[in-house]
Amino acid sequence: MNTTMKALVTSVALTVAGTASFAAECIAPANPGGGWDFTCRQIGKILYDIGQVDAPVQVTNMAGGGGGLAYSHVVNERADDNELIVAASSATTTRLAQNAFAGMTADQVRFVGAIGADPGVIVVAADSPFQSLNDMVDAIKADPGSVAFAGGSAAGGFDHLKVLQVLKKSGFDDITKIKYIGVDGGADAITQTVGGFTQGMTGDMSEVVGFIKSGEVRALAVLTEERVPGFDDIPTAMEQGIDVVAVNWRGLYVPKNISDEDFEAWGAKLKAVAESAEWQEAMAANGLAPFTKVGGDFQSWVDGVIADTVELSKEIGVIQ
């Protein structure tokens with residue numbers, strides 16, 4: 001770790017040093033507020049409330065490098081700390097796949113689980129001629145330039161990758177022909193689509209709920225394994241014959257060198273949080289859908305997601 005990064009880590013650590021009554025620590029790789037901070041604070045609180053840990057969980061905010069500072073800290077300084085958990089999401093694995101953490105790789109930690117997700121969606125304007133996801137896919141296959149998508153991430157980001165996954169799974173291989181416009185957030189992407197500048201919007205359910213309820217857009221598909229509670233009229237891509245699950249999951253990773261027993265124990269604790277009434281309330285209040293994968297099953301799933309992301313990113317030239 002370079003001197004500047006060590007200094008940053010030290011300064012962050014000093015801001016949270018204090019009581020010895022904290023048995024476990026959760027690092028949120030961002031400033032207070034936002035998804036990673038929410039993950040640490042909610043999961044940490046519920047772990048204690050339901051008796052999965054004996055003392056309150058200390059939350060450490062460690063912003064920097066889009067999660068890279070915290071990742072480097074864990075890999076280089078805390079690789080065998082069995083009392084450390086770190087908030088993660090789809091952004092974590094996308095950035096690792098695209099080498100955004102300066103040469104660090106996904107196998108330098110262990111991904112312990114996800115217990116909720118902001119579902120990926122593909123929506124169109126209310127007056128769009130597309131009535132199903134397959135209608136849109138067929139139009140792209142016939143004339144790739146006829147359909148453009150707007151999304152809240154940059155080219156090569158998670159919103160862009162959702163569309164590429166859908167087309168790849170539909171048998172369309174020349175994904176460099178897919179037209180995608182990255183704008184500043186989901187609301188701007190919706191505006192582009194409602195205004196007719198793009199024919200579709202790719203984003204997360206939390207970004208489109210208000211627009212769906214107002215009737216400005218229609219969702220062609222939700223990219224989950226099952227329909228989302230409260231939005232039961234929106235079919236999944238899988239129901240439409242397109243085997244894609246793309247969700248902005250909320251979960252944790254742990255240091256690589258902890259024992260298998262400790263890894264499985266964290267998985268069991270996280271599963272207990274997922275099954276708690278407290279977590280169901282937290283998901284409902286924050287627009288998350290159920291998405292529970294823990295332990296070895298989650299690690300295997302993450303490995304597959306990263307491999308797919310690497311392949312897609314190379315095809316569109318984001319990485320070499």
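Residues numbered from 1 in each chain as written. Predicted model: local features only at pLDDT ≥ 70, side-chain atom pairs only at ≥ 80, totals over all residues. Heavy atoms only, no water.

**Q** How do you make sense of the overall build of the protein chain when you look at a structure like this?
**A** For the protein chain, the count of helices and strands is eleven helices and ten strands. The C-alpha radius of gyration computed for the protein chain amounts to 20 Å, which stays within 12% of the reference 20 Å derived for 320 residues, consistent with globular compactness. Taking the principal axes of the C-alpha coordinates as reference, the protein chain spans close to 60 × 45 × 30 Å. The contacts in the protein chain between residues at least 6 apart in sequence include a share of 77% that link residues at least 24 apart. Of the roughly 13,500 Å² of accessible surface on the protein chain, a fraction of 49% belongs to carbon and sulfur atoms. With 21 positive and 40 negative side-chain charges, the protein chain shows a spacing of 3 Å between the two charge centroids. (Helix = DSSP H or I, 4+ residues; strand = E, 2+ residues; numbered from the N terminus. Rg over C-alpha atoms; globule rule 2.2 N^0.38 Å. Contact = heavy atoms within 4.5 Å. Areas by Shrake-Rupley, 256 points an atom, 1.4 Å probe, with all protein chains shown as cover. Lys, Arg positive; Asp, Glu negative; His and termini not counted. Charge placed at Lys NZ, Arg CZ, Asp CG, Glu CD.)

**Q** What is the right way to read the nonpolar core from this model?
**A** As a rule of thumb, nonpolar side chains are buried together in soluble globular proteins. Counting 29 residues, the largest nonpolar core has L47, W266 and W279 as its most contacted members. Mapped by element, the contributors of at least two residues to this core are β1 (25-28), α2 (35-49), β3 (84-89), β4 (109-125), β9 (247-255), α9 (260-274) and α10 (277-285). Element by element, the count of residues in this core is highest for α2, at six residues. Beyond its immediate chain neighbours, meaning those up to four positions away, L47 contacts Q52, V53, V57, I85, W266, K269 and V273. (Core = buried A, V, L, I, M, F, W, Y, C linked by side-chain atoms within 4.5 Å. Buried < 20%, exposed > 50% of the residue type's maximum accessible area, 1.4 Å probe, protein only.)

**Q** Is there a simple way to think about the environment of G67 in this case?
**A** Its place among the elements puts G67 in the loop between β2 (58-61) and α3 (68-77). Of the residues examined, G67 reaches a relative accessible area of 5% and is grouped as buried. C-alpha of G67 to C-alpha of G267: the two residues are 200 residues apart in sequence and 22 Å apart in space.

**Q** Explain the state of the cysteines to me, please; I cannot follow it from the model alone.
**A** Linking two cysteines covalently through their sulfur atoms gives a disulfide. For the structure shown, the criterion picks out one disulfide. A sulfur-sulfur distance of 2.0 Å marks the disulfide that ties C26 to C40. The chirality of the disulfide connecting C26 with C40 is left-handed, given an S-S dihedral of about -75 degrees. Pair noted here: C26 is in strand β1 and C40 is in helix α2, with a separation of 14 residues, a long-range link. Since its relative accessible area comes to 1%, C26 is described here as buried. (Disulfide = S-S within 2.5 Å.)

**Q** Would you take a moment to explain the side chain of R250 for this structure?
**A** Its location among the elements puts R250 in strand β9. For R250, which is buried and forms no salt bridge, the nearest opposite charge comes from D118, at a distance of 4.7 Å. Apart from residues no more than four positions distant in its own chain, R250 is found in contact with G35, F38, T39, A88, A114, I115, G116, A117 and L288. (Salt bridge = Lys/Arg side-chain N within 4 Å of Asp/Glu carboxyl O.)

**Q** How should the pattern of salt bridges be read in this particular structure?
**A** Opposite charge on two side chains permits them to pair, given that their charged atoms come into close proximity. Enumeration according to the criterion identifies 13 salt bridges in this entry. For D204, the salt bridge is made with K162, and the minimal N-O distance between the two is 2.7 Å. Taken as a pair, D204 in strand β7 (residues 200-204) and K162 in helix α6 (residues 158-169) lie far apart in primary sequence, 42 residues in all. Each member of the pair, D204 as well as K162, is classed as buried. Note that E315 is salt-bridged to K168, the shortest N-O span being 2.8 Å. Taken as a pair, E315 in helix α11 (residues 296-315) and K168 in helix α6 lie far apart in primary sequence, 147 residues in all. The partly exposed category is assigned to E315, whose relative accessible area is 28%.

**Q** Which parts of the structure should I look at to understand helix α4 (residues 90-97)?
**A** Since the α-helix packs 3.6 residues into each turn, any two residues three or four apart lie on the same face. Counting buried residues along α4, six of its eight residues qualify, which places the element largely inside the surrounding structure. Buried within α4 we find S90, T92, T93, T94, L96 and A97. Just beyond α4, the residue with positive phi is N99, at close to 60 degrees.

**Q** Whenever I open this one, unusual backbone geometry confuses me. Can you help?
**A** Trans peptide bonds make up most of the peptide bonds, and negative phi angles are found at most residues other than glycine. A positive phi angle, near 60 degrees, is found at N99, a position not held by glycine. The class for N99 is partly exposed, based on a relative accessible area of 47%. Of note in the backbone geometry, A102 takes a positive phi value of approximately 50 degrees without being a glycine. Counting through the fold element by element, A102 comes out in the loop between α4 and β4.

**Q** I tried to follow the environment of E315 on my own but got confused; where do I start?
**A** For the pair E315 and E261, spaced 54 residues apart in sequence, the C-alpha separation works out to 39 Å. The contacts of E315, once residues within four sequence positions are left out, are K168, D173, I175 and T176. Here K168 takes part through its side chain, which lies 2.8 Å from a polar atom of the side chain of E315. (Polar contact = N/O pair within 3.5 Å; in protein donor to acceptor, adjacent residues only side chain to side chain.)

**Q** Would you mind going over the packing of α4 against α11 with me for this structure?
**A** When two helices pack together, their arrangement is captured by the angle between the axes and the distance separating the axes. For the pair α4 and α11, interaxial distance at closest approach is 9 Å and the crossing angle is 50 degrees. For the element pair α4 / α11, the angle class is oblique. The handedness of the crossing between α4 and α11 comes out as right-handed. Between α4 and α11, the residues in contact are T93, T94 and A97 and V302, V305, I306, T309 and V310, respectively. In terms of residue class, the contact of α4 with α11 is made up of five nonpolar, three polar and no charged. (Axes fitted to C-alpha atoms, helices over the stretch in contact; angles between N-to-C directions. Parallel < 35°, antiparallel > 145°, perpendicular 65-115°, else oblique. Left-handed = near helix turned anticlockwise from the far one by under 90°. Nonpolar A, V, L, I, M, F, W, Y, C, P; charged D, E, K, R; others polar.)

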